[in-house]
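Structure at a glance
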Amino acid sequence: MGKNLKGKECGKGIYQRKDGLYSARYYAKNSKRKEKYFETLPKAKNWLADARYEERHNLIVTSPDMTVDKWFEYWIENIVCDLASNTKRNYQERYKWNIQPVIGAMCIDDVKPMHCKAVLNRMETTYAGSTIRQAYITMGTMLKSAVMNDIIAKHPMNGVRYTKPVQAVDDIKYLTVDEQEKFLEAAAQSRVLASRTT
């Protein structure tokens, strides 16, 4: 047990330095020592208790250099893990193919609206508006969750828009009754011809 400058016990993992600050430290599962300094003993004790709890329960440990990749991995496995499998798969595909190549390796705290817009801009010429919308939703939901969980202070998607229109229902061509009948006749004919040649 560590002691303060007067020789009084501070508790396991805590001691008072010569400059008056209290050092709180513990060893993580990866054997790396985690240490932080505080002005008061209660603050040191609270931090140490929280850090040990997070470590014991495999909770995410936030750090200044957390990448977008690391946050996405935690988010998909622990926060939106109860979503429908199709929704979760859409999130994973849009992240892998469109979001990760642009911002995945970035420190999440460094992501700005211009980086988010760059993700959408890269999709403009090769993807349909509906797919760009999926990437927009994936990125926005993931980053909003980071704000809600105090991983980042500000939502980097604020003010970011995508301009490619999603195909409207009016743009979809439906067959008339007459066209449907002709299509079915042609299909029946092709089945008859196919059966004769086999």
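Residues numbered from 1 in each chain as written. Predicted model: local features only at pLDDT ≥ 70, side-chain atom pairs only at ≥ 80, totals over all residues. Heavy atoms only, no water.

Topic: the pairing of strand S4 (residues 22–27)
Across three bridges, strand S3 (residues 14–16) lies against S4 in antiparallel orientation. Bridging from a neighbouring strand, Gln16 pairs with Tyr22 of S4. Hairpin geometry of S3 and S4 is characterised by an intervening segment of five residues between the two adjacent antiparallel strands and by a positive phi of about 95 degrees at Gly20. Inspection of the sheet shows S4 paired to strand S5 (residues 33–38) by six bridges, in the antiparallel sense. (Pairing = 2+ DSSP bridges. Helix = DSSP H or I, 4+ residues; strand = E, 2+ residues; numbered from the N terminus.)

Thoughts on the sheet that holds S5
Sheet strands line up and pair through hydrogen bonds in the backbone, either parallel or antiparallel. A sheet is described by the order of its strands in space; here three strands give the open sequence S3-S4-S5, paired in antiparallel fashion. Single-partner strands in this sheet number two, and they are S3 and S5. Strand after strand, the sheet turns through a mean of 20 degrees between neighbouring axes, direction not considered. (Axes fitted to C-alpha atoms, helices over the stretch in contact; angles between N-to-C directions.)

Focus: the packing of aromatic side chains
Evaluation of the coordinates by the stated rule reveals seven aromatic pairs. The interplanar angle of 55 degrees and the centroid separation of 6.0 Å between the aromatic rings of Tyr26 and Trp47 together place this pair among those described as tilted. Linking Tyr26 in strand S4 with Trp47 in helix H1 (residues 41–56), this pair joins segments that are 21 residues apart in sequence. A relative accessible area of 7% places Tyr26 in the buried class. (Phe/Tyr/Trp six-rings, centres within 6.5 Å; stacked < 30°, edge-to-face > 60°. Buried < 20%, exposed > 50% of the residue type's maximum accessible area, 1.4 Å probe, protein only.)

Overview of the nonpolar core
It is characteristic of soluble globular proteins that their nonpolar side chains tend to be buried jointly. If you look at the biggest cluster of nonpolar residues, it comprises 29 residues, and the most contacted ones within it are Trp71, Trp75, Ile103, Ile108, Met139 and Met142. Those elements giving two or more residues to this core turn out to be helix H2 (68–79), helix H3 (85–103), helix H4 (113–123) and helix H5 (129–148). Core analysis: the next-biggest nonpolar cluster, separate from the first, contains 10 residues, Tyr22, Tyr26, Ala44 and Leu48 among them. (Core = buried A, V, L, I, M, F, W, Y, C linked by side-chain atoms within 4.5 Å.)

A short note on the packing of H4 against H5
The geometry of H4 relative to H5 is characterised by a closest axis approach of 10 Å and an angle of 165 degrees between their N-to-C directions. Comparing the axis directions of H4 and H5 gives the class roughly antiparallel. The handedness of the crossing between H4 and H5 comes out as right-handed. The residues of H5 that touch H4, namely those facing Cys116, Val119, Leu120 and Met123, are Thr131, Ile132, Ala135, Tyr136, Met139 and Leu143. Of the residues in the contact of H4 with H5, the class split is nine nonpolar, one polar and no charged. (Parallel < 35°, antiparallel > 145°, perpendicular 65-115°, else oblique. Left-handed = near helix turned anticlockwise from the far one by under 90°. Contact = heavy atoms within 4.5 Å. Nonpolar A, V, L, I, M, F, W, Y, C, P; charged D, E, K, R; others polar.)

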